[in-house]
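Each chain is listed here by its residues.
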Amino acid sequence: MSRIGKSPIVVPAGVTVEVKDGIITVKGKKGQLTQEFSDVNVKVEGDQVQVERSSDHKDHRAKHGLYRSLINNMIIGVNEGFTKELELVGVGYRASNQGQKLDLALGYSHNIVLEIAPEVALETISEKGKNPIVKLTSFDKQLLGQVAAKIRGFRKPEPYKGKGVKFVGEVLRRKAGKSA
């Protein structure tokens, strides 16, 4: 039995969970999320959500823990929200935003302008003597991760000096230079 899948999800006050025709809908103070599901049974009992699989088939076992985690992330997202922070490490690397447009200067011949989805709140922090930080906040964990990965993909951190776009708190594997 899946250790993740069999544990119940506690629904906090102010969050409603509805299951109808293979689609689960979660509403909260931050927003509303929907997710299709198959091969599992989702039961809402009072302030708990239980995910059960119909058989011990390999696909059903794989989806048991997956859907439990997705539903849990939806409930946490509409209640509290998620935040990711990206740090721009490098000389001349800058970030600024005008509304939902993120303007990045990452050492290329031109600035990169990226239109961020309206569900993701965008904030740029530039303090003197510190690396610029791009702070992303959203109730949708999947969308937030996708946007953060897109920004990081413009200039991934390199292993010699660590220059590039990295997550705050990310540990990079560094390499010795050619003199070592």
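The rules behind each value
- Residues numbered from 1 in each chain as written.
- Predicted model: local features only at pLDDT ≥ 70, side-chain atom pairs only at ≥ 80, totals over all residues.
- Heavy atoms only, no water.
- UniProt positions renumbered as here; feature names shortened; annotations may be inferred.
- Pairing = 2+ DSSP bridges.
- Helix = DSSP H or I, 4+ residues; strand = E, 2+ residues; numbered from the N terminus.
- Axes fitted to C-alpha atoms, helices over the stretch in contact; angles between N-to-C directions.
- Contact = heavy atoms within 4.5 Å.
- Salt bridge = Lys/Arg side-chain N within 4 Å of Asp/Glu carboxyl O.
- Buried < 20%, exposed > 50% of the residue type's maximum accessible area, 1.4 Å probe, protein only.
- Phe/Tyr/Trp six-rings, centres within 6.5 Å; stacked < 30°, edge-to-face > 60°.
- Lys NZ or Arg CZ within 6 Å of the ring centre and 35° of its normal.
- 1 Å grid on protein atoms, 1.4 Å probe; cavity = no way out; pocket = protein on both sides within 12 Å on 5 of 7 lines; lining within 4 Å.
- Points joined across faces, edges and corners; volume = space filled by probe spheres on them.
- Nonpolar A, V, L, I, M, F, W, Y, C, P; charged D, E, K, R; others polar.
- Domains from an automatic or database assignment.
- Core = buried A, V, L, I, M, F, W, Y, C linked by side-chain atoms within 4.5 Å.

The name an unreviewed UniProt entry assigns to the protein chain is Large ribosomal subunit protein uL6, from the organism Flavobacterium johnsoniae. According to its UniProt record, the protein chain has this under Subunit (unreviewed entry): "Part of the 50S ribosomal subunit." In its Sequence similarities (unreviewed entry) section, the UniProt entry covering the protein chain states "Belongs to the universal ribosomal protein uL6 family."

Peer 1: Tell me what's going on with the sheet that holds strand S2 (residues 16–20), and back it up with residues and numbers.
Peer 2: Whether parallel or antiparallel, the strands of a sheet pair through hydrogen bonds between backbone atoms. Spatially, S2-S3-S4 is the arrangement adopted by the three strands of the open sheet, whose pairing is antiparallel. Each edge of the open sheet carries a strand with a single partner, namely S2 and strand S4 (32–36). Averaged over all pairs of adjacent strands, the angle between strand axes in this sheet comes to 15°, irrespective of strand direction. When S2 meets strand S3 (residues 23–27), the two strands line up antiparallel, connected through five bridges. When the bridges of S3 are listed, Glu18 appears paired with Thr25. Where helix H2 (residues 58–79) meets the sheet, it contacts S2, S3 and S4, and its direction lies at approximately 170° from that of S4.

Peer 1: Describe the pattern of salt bridges, listing the residues and the values that go with them.
Peer 2: Scanning all chains against the criterion turns up six salt bridges. With a shortest N-O distance of 3.1 Å, Lys43 and Glu52 are connected by a salt bridge. Take Lys43: its relative accessible area is 37%, and that puts it in the partly exposed class. What makes Glu52 partly exposed here is its relative accessible area of 29%.

Peer 1: Tell me about the packing of aromatic side chains, and name the residues and values.
Peer 2: Under the counting rule described, the total for this entry stands at one aromatic pair. With centroids separated by 6.5 Å and ring planes inclined at 70°, the aromatic side chains of Phe37 and Tyr67 adopt a geometry described as edge-to-face. Of the two residues, Phe37 is situated in the loop between S4 and strand S5 (40–45) and Tyr67 in helix H2; the sequence distance between them amounts to 30 residues. The class for Tyr67 is buried, based on a relative accessible area of 10%. Stacked on the ring of Phe167, the Lys or Arg Lys84 has its end atom at 5.3 Å from the ring centre. Directly above the aromatic system of Tyr108 lies the positively charged group of Arg155, at a separation of 4.2 Å from the ring centroid.

Peer 1: Give a detailed account of the layout of surface pockets, specifying residues and quantitative values.
Peer 2: Once rolled over the atoms, a probe with the size of a water molecule shows which space is left empty. Reported here for the largest pocket is a volume of approximately 180 Å³. Taken together, Leu33, Thr34, Gln35, Leu70, Asn73, Met74, Asp140, Lys141 and Gln142 make up the lining of the largest pocket. Among the elements of the structure, S4, H2 and helix H3 (141–153) are those that each provide at least two residues to the lining of the largest pocket. Here the residues of the lining of the largest pocket are counted per class, giving three nonpolar, four polar and two charged. Taken domain by domain, the makeup of the lining of the largest pocket includes at least three residues from each of domain 1 (9–80) and domain 2 (82–167).

Peer 1: Lay out the nonpolar core with the relevant residues and their values.
Peer 2: Counting 21 residues, the largest nonpolar core has Leu88, Leu104, Ile116, Val134, Leu136 and Ile151 as the members making the most contacts within it. Within the residue set of this core, elements represented by two or more residues are strand S7 (82–89), strand S9 (101–105), strand S10 (112–115), strand S12 (133–138) and H3. Setting aside residues no more than four positions away along its own chain, Val134 makes contact with Lys84, Glu85, Leu86, Leu88, Ala95, Leu102, Leu104, Leu122, Glu123 and Thr124. By size, the runner-up hydrophobic cluster in this structure holds 19 residues, among which are Val11, Ile24, Ile71 and Ile75.

Peer 1: I'd love a proper account of the sheet that holds S9, names of residues and values included.
Peer 2: Taken in spatial order, the three strands of this open sheet run S8-S9-S10, and their pairing is antiparallel. Both edges of this open sheet fall to strand S8 (94–98) and S10, since each of them pairs with a single strand only. Sheet twist, expressed as the average angle between the axes of neighbouring strands with direction ignored, equals 20°. Relative to S10, S9 is paired through four bridges, and the arrangement is antiparallel.

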